[in-house]
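# Coordinates in review
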Amino acid sequence: MTGPLVLGIETSCDETGVGIVRGTELLANVIASSMDEHARYGGVVPEVAARAHLEALGPTLDEALERAGVRLDELDAIAVTSGPGLAGALMVGVGAAKALSIATGTPLYAVNHLVGHVGADVLRDDRGELELPTIALLVSGGHTSLLLVRDLISDVELLGETIDDAAGEAFDKVARLLGLPYPGGPQIDRAAEGGDPRAIRFPRGLTAAKDLDRHRYDFSFSGLKTAVARWVEQKRDAGEDVPLADVAASFREAVADVLLSKALAACRDLGVPRLLLGGGVVANARVRELAQQRTAAEGIALRIPPLSLCTDNGAMIAALGAQLVEAGRAPSGLGFGADSTLPVTSIQAA
Amino acid sequence: MLLAIDTSAGTGVAVVDRDRGVLAELSSPDTRGHAELIGDYLREALERAGVAPGELSGVAVGMGPGPFTGLRVGIAAARAFALGIRRPVVPIVSHDAIAFGRTAPGIVVTDARRREVYWSRYGAADELGLPVRLEGPALAKPDDVPTDAELVDSPLVPVGALGLLAEALSAHGRPFAADEPLYLRSPDVTLSAGPKRVTG
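Residues numbered from 1 in each chain as written. Chains lettered and ligands numbered in written order. Predicted model: local features only at pLDDT ≥ 70, side-chain atom pairs only at ≥ 80, totals over all residues. Heavy atoms only, no water.

## A few points about the overall build of chain B
A tally of helices and strands in chain B yields four helices and nine strands. Helices (α) and strands (β) of chain B occur, in sequence order from the N terminus, as β-β-β-α-β-α-β-α-β-β-β-β-α. Principal axes of the C-alpha set define a box for chain B whose edges measure 75 × 40 × 30 Å. Looking at chain B as a whole, 54% of its 200 residues are labelled buried. Within chain B, contacts between residues at least 6 apart in sequence are counted, and of these 67% link residues at least 24 apart. By element, 50% of the accessible surface of chain B is carried by carbon and sulfur atoms, the whole surface being about 8800 Å². Separation between the mean location of the 20 positive side-chain charges and that of the 25 negative ones in chain B comes to 8 Å. (Helix = DSSP H or I, 4+ residues; strand = E, 2+ residues; numbered from the N terminus. Buried < 20%, exposed > 50% of the residue type's maximum accessible area, 1.4 Å probe, protein only. Contact = heavy atoms within 4.5 Å. Areas by Shrake-Rupley, 256 points an atom, 1.4 Å probe, with all protein chains shown as cover. Lys, Arg positive; Asp, Glu negative; His and termini not counted. Charge placed at Lys NZ, Arg CZ, Asp CG, Glu CD.)

Here is the structure:
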């Protein structure tokens, strides 16, 4: 394999990620997470995350270079996430990437975090090509977005996104009210084992006929979280035991159902027979299982990058950077900043 | 030769030489926009000084005190630049750069936002003309800052002086600051008592 040698830096949330790729070949993917520091707060604290990035970035860079067995002076480009994400966290990566670019005389590409999640797919071991167009469902603690990707570096459209909590956030909040620790996703998964996903019919946000005009591809998880809380409180108030496995399984089913229903509706509506998943919530067993069942039933090709490339990481940023380099795109100027709400149509920041 | 970076107040980048002094210095008092400015300032400072990154012997950086978000941009840039040229970071307390060059005792005060200030007390400069910090840096309400010495209220940190101070400390084998940001405030976060009830 040949292709541009690119180092990617990702600091948009609580993972400090540095990845190195050569074209579509993954050479290193090193991640330092501050998740444990957030556990006592029940969610990501932006300032805690930003402080952790500053301390982790140097060691993470060194480790990635060592694992990849490359020197800085061999790099063809550096790529960095400029948004969307937590502003203070993003700025650590942006400041570091600019300095590294100037120190080493290496061109710098500022890229979009969400499009990076789609770009992760080109790094799969099986070398299967990312076929386009595709619908992409990106679900994490910070994002719940449905994209139409016609071209990875020039044509990405936002179909919908969450209007309140991200799906991962809903997992964290429901875990908390069930007395389970952070992060909620794996906890809910474990608690749901043996539970009946049809035991309680929790609401599917923005799926009522009246919502489908304006919010056909948007998500809402705030009402679901409140419905779970209400249900649990009523049981407790009545002095009854809360059937933890059933509640966890039914909640998880509601999330997975609405995510896949909307993603598959987009596939059908737009005539796109491909669905790509990304983001940390893909780690959820039921989300993956339901995606496999429903896409198989409708003859839609499903792609799920390996989990280490689904959660936030620098390799996906490097991979997107490499695609830009290969397409002959000019590097970004040095004046870009951190843009916490960078739209997906800005695949590369100027 | 050292590159010097400080983003504890505005944004400043300089290139300094022990013998020739400040070769280039760029500085903005804007207390925002650190991430946007830092790249152009780095490139411009090196260009004006006519110095290639590989000619530098290290990167001096102001560790604060300063507001978190901006402060981190400069430290992140300094650490990454140093990693890029495989030379050391030279951490400096930003207030020391303000005091450097003064001979009389004084109290350096900089803005900490939220109606507070950062302050440090300095005695007379030592025999080498280097600042002698006696107290601080510390965080206080403006009214609580000591007034028994001349107040040196500075809206920006002179980054050229910061670089020259680093050169002087290095030349005389004096210790640098600790390589950790001087936030002087904990992250704004409170542990919640648990989920709130949603039903009455």
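Next comes the rest of the write-up.
## Quick look at the nonpolar core
Grouped together as the largest cluster of nonpolar side chains are 64 residues, with contacts concentrated most on L7 and I20 of chain A together with L3, I5, L56 and F81 of chain B. Here the element with the most residues in this core is helix 2 (residues 68–85) of chain B; it accounts for 12 residues. Formed by 53 residues, the second largest nonpolar core is a distinct cluster that contains A192, I200, I300 and C310 of chain A. (Core = buried A, V, L, I, M, F, W, Y, C linked by side-chain atoms within 4.5 Å.)

## Details of the state of the cysteines
Here, disulfide denotes a covalent bond that connects the sulfur atoms of two cysteines. Residues and elements named next belong to chain A. Tallying each qualifying case throughout the model produces zero disulfides over all chains. With no disulfide of its own, C13 lies 16 Å from the sulfur of C310, the closest cysteine sulfur. C267 takes part in no disulfide bond, and the closest cysteine sulfur, belonging to C310, lies 16 Å away. Assessed through its relative accessible area of 3%, C267 is described here as buried. (Disulfide = S-S within 2.5 Å.)

## A look at the confidence of the model for chain B
Across chain B, pLDDT averages 96, with 99% of residues at or above 70. In the predicted complex, the global pTM is 0.96; the interface-specific ipTM is 0.97. (pLDDT = per-residue confidence, 0-100.)

## Quick look at the interface of chain A and chain B
Facing 37 residues of chain A, the contacting portion of chain B comprises 38 residues. Carbon and sulfur atoms supply 66% of the area that chain A and chain B bury against each other, a total of about 3100 Å² over both sides. Between the two partners, chain A and chain B, sit five salt bridges. With its nearest N and O atoms 3.3 Å apart, the salt bridge here joins E55 of chain A to R79 of chain B. Taken together, the connections running from chain A to chain B amount to 10 residue pairs in polar contact (both at pLDDT 80 or more). Elements supplying a minimum of two residues to the side of chain A that touches chain B: helix 2 (46–68), helix 3 (87–104), helix 5 (167–177) and helix 7 (222–237) of chain A. For the side of chain A that touches chain B, the leading source of residues is helix 3 of chain A, giving 12 residues. Along the lines of polarity and charge, the residues of the side of chain A that touches chain B split into 20 nonpolar, seven polar and 10 charged. (Buried area = accessible area lost by both parts, 1.4 Å probe. Salt bridge = Lys/Arg side-chain N within 4 Å of Asp/Glu carboxyl O. Polar contact = N/O pair within 3.5 Å; in protein donor to acceptor, adjacent residues only side chain to side chain. Nonpolar A, V, L, I, M, F, W, Y, C, P; charged D, E, K, R; others polar.)

## Digging into the sheet that holds strand 5 (residues 89–92) of chain B
Residue and element names in this part refer to chain B. Strand order in the open sheet formed by five strands is 3-2-1-4-5, and the pairing between neighbours is mixed. The open sheet has two edge strands with one neighbour each: strand 3 (21–28) and strand 5. Across the sheet, the mean angle from the axis of one strand to that of its neighbour is 15°, orientation sign disregarded. Along the sheet, helix 1 (residues 34–49) makes contact with strand 1 (2–6), strand 2 (11–17) and strand 3, crossing strand 3 at roughly 155°. Here helix 2 sits on the sheet in contact with strand 1, strand 4 (58–62) and strand 5, set at roughly 170° to strand 4. (Pairing = 2+ DSSP bridges. Axes fitted to C-alpha atoms, helices over the stretch in contact; angles between N-to-C directions.)

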